[in-house]
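A structural walkthrough
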Amino acid sequence: MEPRCEVLVIGELLADLISKERVISLADARSFTMYQGGSPANFAVQLRKQGVLSTVVAAVGNDGIGKFLLEQVSKIGLNTGSIAVVEGFPTSLVIVGRSHDTPDF
């Protein structure tokens, strides 16, 4: 029997909203694209892309952003059985201004 999980990753699964245009300050950003993020979840995704059966233990809110994140990691083939969907709490997100230098968070 093949294992269901070779690596267990515990940590955040969140949305990164990154400005479409390059800006000096986040205050100048006008439009954003949403991506799956969170360092632990990104690690699990990269393991899966390398063929490693990985599972992430995390939580998202029962909202549109949480549903987006579950869809994104499912498409990659990441086991989502340990991602809790929590009522009454919003999914975490980070807003980032794309820049030529250090991004503005």
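Residues numbered from 1 in each chain as written. Predicted model: local features only at pLDDT ≥ 70, side-chain atom pairs only at ≥ 80, totals over all residues. Heavy atoms only, no water.

Thoughts on the pattern of salt bridges
- Within this structure, the stated rule accounts for 1 salt bridge.
- Among the ionic pairs, E71 bridges to K75, the shortest N-O distance being 3.7 Å. One end of the pair, E71, and the other, K75, are both in helix α2 (residues 64-76), 4 residues apart, so they sit about a helical turn from each other.
- When its relative accessible area of 61% is taken as the criterion, K75 is described as exposed. (Salt bridge = Lys/Arg side-chain N within 4 Å of Asp/Glu carboxyl O. Helix = DSSP H or I, 4+ residues; strand = E, 2+ residues; numbered from the N terminus. Buried < 20%, exposed > 50% of the residue type's maximum accessible area, 1.4 Å probe, protein only.)

Notes on the pairing of strand β4 (residues 54-61)
- Within β4, 6 of the 8 residues are buried, which leaves it mostly tucked inside the rest of the structure.
- By the bridge criterion, 4 bridges tie strand β1 (residues 7-10) to β4 in an arrangement that is parallel. Within the sheet, the bridge partner assigned to V7 lies in β4 and is S54.
- Across 4 bridges, β4 lies against strand β5 (residues 83-86) in parallel orientation. When the sheet's bridge partners are listed, G61 is paired in β5 with V86.
- In this fold, β4 hands off to α2, which returns the chain to β5; that crossover is right-handed. (Pairing = 2+ DSSP bridges. Right-handed = clockwise from strand over helix to strand, strands pointing away.)

Details of the environment of F68
- Mapped onto the secondary structure, F68 falls in helix α2.
- Considering only alpha carbons, one finds F68 and A84, 16 residues apart in sequence, at a separation of 14 Å.
- Once residues within four sequence positions are removed from consideration, F68 is found in contact with M34, Y35 and Q36. (Contact = heavy atoms within 4.5 Å.)

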